[in-house]
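Now for the letters of each chain:
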Amino acid sequence: MKRTIALAATLLAAAGCVAAGKPGVRVEDAWARATPAVAPVAGGYLTAINDGDAPDVLLGVESGIAQRVEIHEMRMQGGVMRMRRVEGGVPVPAHGKAVLAPGGYHLMFIQPRRSLVEGERFEATLLFRHAGRVKTQFAVRAMGAGAH
């Protein structure tokens, strides 16, 4: 009986080491700007880091904080800064990262269910083509955070 328990403990420890060392996508520095009570949208930002050998793609985001979440991009076009919804997702290169930041790729939390208050946190699930669902928490920063 003791041998069986010791063997089971060893196998569980080994499985934990393998799972912990498995390359994949992780999310760092996820944050959103605080909003006034009647804001129709809120901006979200993060860094997705791919430790794997194959590229991945951020396809979408789910969160109960808003009616829906879209991926958008800001870019200069004809001397004018324009924002558009991204179709097909944001690439996350192998052994690289995708940065969603003010002035570039970012998330739009459409029709927030409540105002986002500085200092609070909320959950979201990022959907990747290969890594699947990655849960993360967004910290809410000041309204002008990250402005250029």
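Note that the structure is predicted; figures quoted are calculated from it, not measured.

Novice: Honestly, the pairing of strand β8 (residues 105–112) in this entry has me stumped. Any pointers?
Specialist: Most of β8 sits out of view: 6 of its 8 residues are buried. Pairing analysis gives 4 bridges linking strand β2 (residues 41–50) to β8, with the strands arranged antiparallel. When the bridges of β8 are listed, alanine 42 appears paired with phenylalanine 109.

Novice: Help me out: how do you make sense of the packing of aromatic side chains in this one?
Specialist: The relative placement of two aromatic rings is captured by the distance of their centres and the angle of their planes. Applying the stated criterion to the full structure yields 4 aromatic pairs. Ring plane angle 35° and centroid distance 4.5 Å describe the contact between tryptophan 31 and tyrosine 45, whose orientation is recorded as tilted. Placement of tryptophan 31 in strand β1 (residues 25–33) and of tyrosine 45 in strand β2 is noted, with a sequence separation of 14 residues between them. Residue tryptophan 31 shares its accessibility class with tyrosine 45, and that shared class is buried. When the centroid spacing of 5.2 Å and the interplanar angle of 5° are considered together, the rings of phenylalanine 122 and phenylalanine 138 count as stacked. Taken together, the residues phenylalanine 122 in strand β9 (residues 121–128) and phenylalanine 138 in strand β10 (residues 132–141) connect sequence positions 16 residues apart. One exposure class covers both phenylalanine 122 and phenylalanine 138, and it is buried.

Novice: Even after reading the chapter, I still don't get the nonpolar core, so can you show me in this structure?
Specialist: In terms of nonpolar packing, the biggest core is built from 29 residues, with Leu46, Leu107, Phe109, Phe122, Phe128 and Phe138 touching the most fellow members. Beyond its immediate chain neighbours, meaning those up to four positions away, phenylalanine 138 contacts Ala30, Trp31, Ala32, Gly44, Tyr45, Leu46, Leu107, Phe109, Glu120, Arg121, Phe122 and Ala124.

Novice: How should unusual backbone geometry be read in this particular structure?
Specialist: A negative phi angle is the norm for most residues apart from glycine, just as the trans form is the norm for most peptide bonds. Its identity is not glycine, yet histidine 95 carries a phi of approximately 50°, on the positive side. Among the structural elements, histidine 95 can be located in the loop between β6 (90–92) and β7 (96–100). A residue is classified by how much of its surface remains accessible, and histidine 95, at 56% relative accessible area, is exposed. Unlike most non-glycine residues, glutamine 111 shows phi in positive territory, near 55°.

Novice: Help me understand the side chain of histidine 72, please; the structure alone is not making it clear to me.
Specialist: Position of histidine 72 relative to the elements: it lies in strand β4 (residues 66–77). Within the structure, the side chain of histidine 72 is placed 2.7 Å from the side chain of glutamate 70, a separation counted as a polar contact. When neighbours within four sequence positions are excluded, histidine 72 is seen to be in contact with Met83, Arg84, Arg85, Val86, Gly104, Tyr105, His106 and Met108.

Novice: How do you make sense of the pattern of salt bridges when you look at a structure like this?
Specialist: Between side chains of opposite charge, a pair can form when the charged atoms approach closely. For the structure shown, the criterion picks out 9 salt bridges. A salt bridge links glutamate 73 to arginine 75, with the nearest nitrogen and oxygen atoms 3.0 Å apart. A salt bridge links arginine 84 to glutamate 73, with the nearest nitrogen and oxygen atoms 2.9 Å apart. Pair noted here: arginine 84 is in strand β5 (residues 80–85) and glutamate 73 is in strand β4, with a separation of 11 residues, a long-range link.

Rules of the game
Residues numbered from 1 in each chain as written. Predicted model: local features only at pLDDT ≥ 70, side-chain atom pairs only at ≥ 80, totals over all residues. Heavy atoms only, no water. Buried < 20%, exposed > 50% of the residue type's maximum accessible area, 1.4 Å probe, protein only. Helix = DSSP H or I, 4+ residues; strand = E, 2+ residues; numbered from the N terminus. Pairing = 2+ DSSP bridges. Phe/Tyr/Trp six-rings, centres within 6.5 Å; stacked < 30°, edge-to-face > 60°. Core = buried A, V, L, I, M, F, W, Y, C linked by side-chain atoms within 4.5 Å. Contact = heavy atoms within 4.5 Å. Polar contact = N/O pair within 3.5 Å; in protein donor to acceptor, adjacent residues only side chain to side chain. Salt bridge = Lys/Arg side-chain N within 4 Å of Asp/Glu carboxyl O.

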